[in-house]
Each structure stands twice: as C-alpha cells, then as structure tokens.
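# Summary of the model geometry
Below are the chains, spelled out letter by letter.
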Amino acid sequence: MTDVTDGVLHTLFQSDQGGHEQVVLCQDRASGLKAVIAIHSTALGPALGGTRFYPYASEEEAVADALNLARGMSYKNAMAGLDHGGGKAVIIGDPERIKTEELLLAYGRFVASLGGRYVTACDVGTYVADMDVVARECAWTTGRSPENGGAGDSSVLTAFGVYQGMRASAQHLWGDPSLRGRRIGIAGVGKVGHHLVEHLVAEGAEVFVTDVREDAVRRITERHEGVTAVADTEALIRIEGLDVYAPCALGGALNDDSVPVLTAKVVCGAANNQLAHPGVEKDLADRGILYAPDYVVNAGGVIQVADELHGFDFDRCKAKASKIFDTTLAIFARAKADGIPPAAAADRIAEQRMHEAAAARGF
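Parameters at a glance
Residues numbered from 1 in each chain as written. Predicted model: local features only at pLDDT ≥ 70, side-chain atom pairs only at ≥ 80, totals over all residues. Heavy atoms only, no water. Buried < 20%, exposed > 50% of the residue type's maximum accessible area, 1.4 Å probe, protein only. Helix = DSSP H or I, 4+ residues; strand = E, 2+ residues; numbered from the N terminus. Arc of directions from axis to C-beta. Core = buried A, V, L, I, M, F, W, Y, C linked by side-chain atoms within 4.5 Å. Contact = heavy atoms within 4.5 Å. Expected span 1.5 Å × (residues − 1). Pairing = 2+ DSSP bridges. Axes fitted to C-alpha atoms, helices over the stretch in contact; angles between N-to-C directions. Salt bridge = Lys/Arg side-chain N within 4 Å of Asp/Glu carboxyl O. Right-handed = clockwise from strand over helix to strand, strands pointing away. Parallel < 35°, antiparallel > 145°, perpendicular 65-115°, else oblique. Nonpolar A, V, L, I, M, F, W, Y, C, P; charged D, E, K, R; others polar.

The subject of this paragraph is helix α8 (residues 214–223). Structural remark: α-helix, 3.6 residues per turn; residues separated by three or four positions point the same way. All buried positions along α8 are accounted for by A216, V217 and I220. The buried residues of α8 occupy an angular sector of 95 degrees when the element is viewed end-on, so they sit on one face. Residues of α8 that are exposed and point more than 90 degrees away from the buried face comprise E214 and E222.

Turning to the nonpolar core, a few remarks are in order. Taken as a class, soluble globular proteins show a tendency for nonpolar side chains to be buried jointly. Core analysis: the largest hydrophobic core is formed by 44 residues, its most contacted members being M166, I186, L196, L200 and V209. Top contributing element to this core by residue count: helix α6 (residues 155–174), with seven residues. Leaving out residues up to four positions away in the same chain, V209 has contacts with I186, V189, V197, V217, I220, V227, T228, A229, V230 and L236. Counting 23 residues, the second largest nonpolar core, distinct from the first, contains F53, L103, V111 and C138.

Even without a glycine there, the phi angle at N273 is positive, about 50 degrees. Tracing the sequence through the fold places N273 in the loop between β11 (266–267) and α10 (280–286).

As a further point, take helix α15 (residues 342–360). Across its 19 residues, α15 extends 27 Å between first and last C-alpha, which sits within 8% of the 27 Å expected from 1.5 Å per residue. On its buried face, α15 sits against α2 (59–79), α10, β12 (290–291), α11 (294–297) and α14 (324–338). Positive backbone phi, at 75 degrees, marks G362, one or two positions downstream of α15.

Let's shift gears to the sheet that holds strand β8 (residues 206–210). Spatial ordering of the open sheet is given by β9-β8-β7-β10-β11-β12, a layout of six strands whose pairing is parallel. Either end of the sheet is taken by a strand with one partner, and the two such strands are β9 (228–229) and β12. Strand direction decides the pairing type here: β8 and β9, joined by two bridges, are parallel. Residue pairing for β9: V209 is matched across the bridge by A229. Its contacts with the sheet place helix α7 (residues 193–203) against β7 (183–187), β8 and β10 (244–247), and it is angled at close to 170 degrees to β7.

Applying the stated criterion to the full structure yields 21 salt bridges. Among the salt bridges present, the one from R223 reaches E198, with a minimum N-O distance of 2.7 Å. Residue R223 is located in helix α8, and its partner E198 is located in helix α7; the two are separated by 25 residues in the primary sequence. On the basis of relative accessible area, R223 is assigned to the exposed category, the value being 58%. Given the relative accessible area of 25%, E198 is considered partly exposed. Its salt-bridge partner being D243, residue K265 comes within 3.8 Å of it at the nearest N-O pair. Separated by 22 residues along the polypeptide, K265 in the loop between β10 and β11 and D243 in the loop between α9 (233–236) and β10 bring together distant segments of the chain. Note on K265: relative accessible area 36%, which makes it partly exposed. Salt bridges sharing partners connect three or more residues here, namely R52, D65, K88 and D123.

Take the pairing of β7 next. Of all five residues in β7, four are buried, a share of seventy percent or more. Chirality of the crossover, the property in question, places the unit of β7, α7 and β8 among those that are right-handed. Relative to β10, β7 runs parallel, the two sharing four bridges. Residue pairing for β10: I184 is matched across the bridge by V244.

The next subject is the packing of α2 against α15. α15 packs onto α2 with a crossing angle of 85 degrees between their chain directions and a minimal axis gap of 9 Å. On the basis of the axis angle, α2 is roughly perpendicular to α15. For the pair α2 and α15, the contacting residues are R71, S74, Y75, N77, A78 and M79 in the first and A346, D347, I349, A350, E351, R353 and M354 in the second. Taken together, the residues of the contact of α2 with α15 break down into seven nonpolar, two polar and four charged.

What follows deals with the environment of D153. Examined against the element boundaries, D153 turns out to sit in the loop between α5 (128–134) and α6. Residue classification places D153 among the partly exposed positions, given a relative accessible area of 38%. D153 sits 38 residues away from K191 along the chain, and the two C-alpha atoms are 8.8 Å apart. If we ignore the near neighbours within four places in the chain, the residues touching D153 are V128, H195 and Q304.

What follows is the structure, given as structure tokens:
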C-alpha cells in the first residue's frame, strides 16, 4: 500500500502529470463505489468533464488516468472557448458487473459535495441513463436525457466536431476540405465512431472500420454495405493508401509501435490522450503525418454538455461545434509559423487563454 500511495503522491506533486488543484478519492462501501475525481484547473470557471467507468488494473492506474484526463479537459475546454476549467472522474470497476443505481447515487453525492467546482457528464462506460440517476443527487450533472431536462447523447456532436477537424486537415494538406474518395480508417465504432461513419459515408469517403466488439462492427457493415471491416487496429493502420486514421477508442493509440508503420497522411480521431508520450508528436511530424490534436477536434461533446447548463439548444451547439474547422486550421497555421508540431501549437494557445484568465482572477 505504501508504494501505491508514494506513487500517487509523486504523480500529484512532483511529476509533469501533476499541478492539479484538487483530487478527491471517493469510497462508499455499501454500494461498492470506488472513484477518483480530479480537478485540474478552475481558472476559466468550474471544472467540466465526464465520468469514466472502467476496470482499472490498480488504484494507481485509475488515479493516473483521472489526472491525465482532467488535464486534457482543461486544454479542451480552453480551445473550445468555454468558460470552464478541466476535471474528470473515474469509477473503478467493470460497469457490466458492478454498476447499480445505489452506486451511481453514491457517486452523485460525492460530486455534489464539491459544491459546483466540478460538473460531470458521460464518458466511457457511462451513459445518459446513468447521468439521469446521478442527477437525482447532484445538480451539477450534464449529459442527461431530454425527458429529464438534458441534452441527451453528446456523442452526436463529438463526431460532428471530429468530422470538421478532418475537413480542416484535408483543406490544410490537400487544399480542399472534401473527403469524397478519401480512404479513412476508424478504430472504434462505438458511441462516437458510428456517428462519424455516417458523416463520412454521406460525403462519399471510402471507410474502413475495426472494433474489439464484433457486434459494433456488424452494426456498421449491415447498415452500410460499402464499409469494409478490418480484423484489428494493427491491420487498419497498415492499409495501403490510407488517407486518414481516426482513433476513436481509448488513449495511447499513437505510440512507438504504431507511428512507424502508420500509412495515413492525417491522424484525426475522437479518442482522448492519443499521444502515448510527448515525443510522439515529433515522430509524426518527422514522418510527414499531419496530426489534428485530439482535444481540439473531439470538443463537440463538451460544447454540448456545457450548453446544457444554460438551457440546451442543439442548433446553437452545432454552430459552435462547426467552428472546430476554423480552430483546427488556426492551429495548423500557428504550428507552421512557430515551427512546431500542431499539438504543441494547440497547447500554447490553450495555455495562453488559461494564463490570462487566471491572471485576471488573481490566481
């Protein structure tokens, strides 16, 4: 236990992953809840980020994921132009086995105890119906169903934003935002990925998909005969002549093993924390692969849930999400001007906004 605690404290206070304002460890023995709520920054406003429900191998791994995701939300919300800082929560365990109403209500009470410093929403392993339950104990809950005053499934606008990021990438690289005829590979066709497929098929792209769940792939191929199923991600990233690779599952998809064999000219996907480590962005640039920063292009969902706090209007949200096209182009232009990779350019822009907000508020 000492080693785990030492590792967590080192991560919080001494490593590059640290710098968070607050981390809360939550336990409710009656329901079996074990959760971590990480608040990275409230410089721009209350921290906003989803709740991930996942069977982590260890508590230390869960804390590290919460910290990484919360930090990413600070940058995502800043680049999306939202008046929100970054936060994230993880619930430890297999949602298929331990998720109960009692557990979600207990989780809601912990979020409520923060008094609005953290606003929660859906993420991997949690859904609209779950947020409806959490909201019974916590006013600071978004991603609820329309029947309960919410905006519903945020994956719709997440996919739309990624689609806009792809169009911007095409504009930057090929001088035309059209994706017609482009060969696009999507790894992960769940909540967000299957909506992304719809956009791409409608535009006439040649789409390849893979997912660890056969039923998810089957749902796509039965609906769209022209979509090609691929055995796994390893095969997907090696497809000859691939134009765009879209990681839409868990993080770390771009790493020392995948980047050297990646055939795509563009990486633009919905997954969070796609870069396994900071050096990967340079590896991509060295290979001439254009990387659209994940937290920029996948911000459609957080734009939607943030709007829910002020009375949800889908058309207003979609208009905001469409601006991801312009934001992505601005990042590519900044990267070229500064001679740095796009991920570094996006970080600089986000950090500048957070720094200016913090200074204005006397942080």
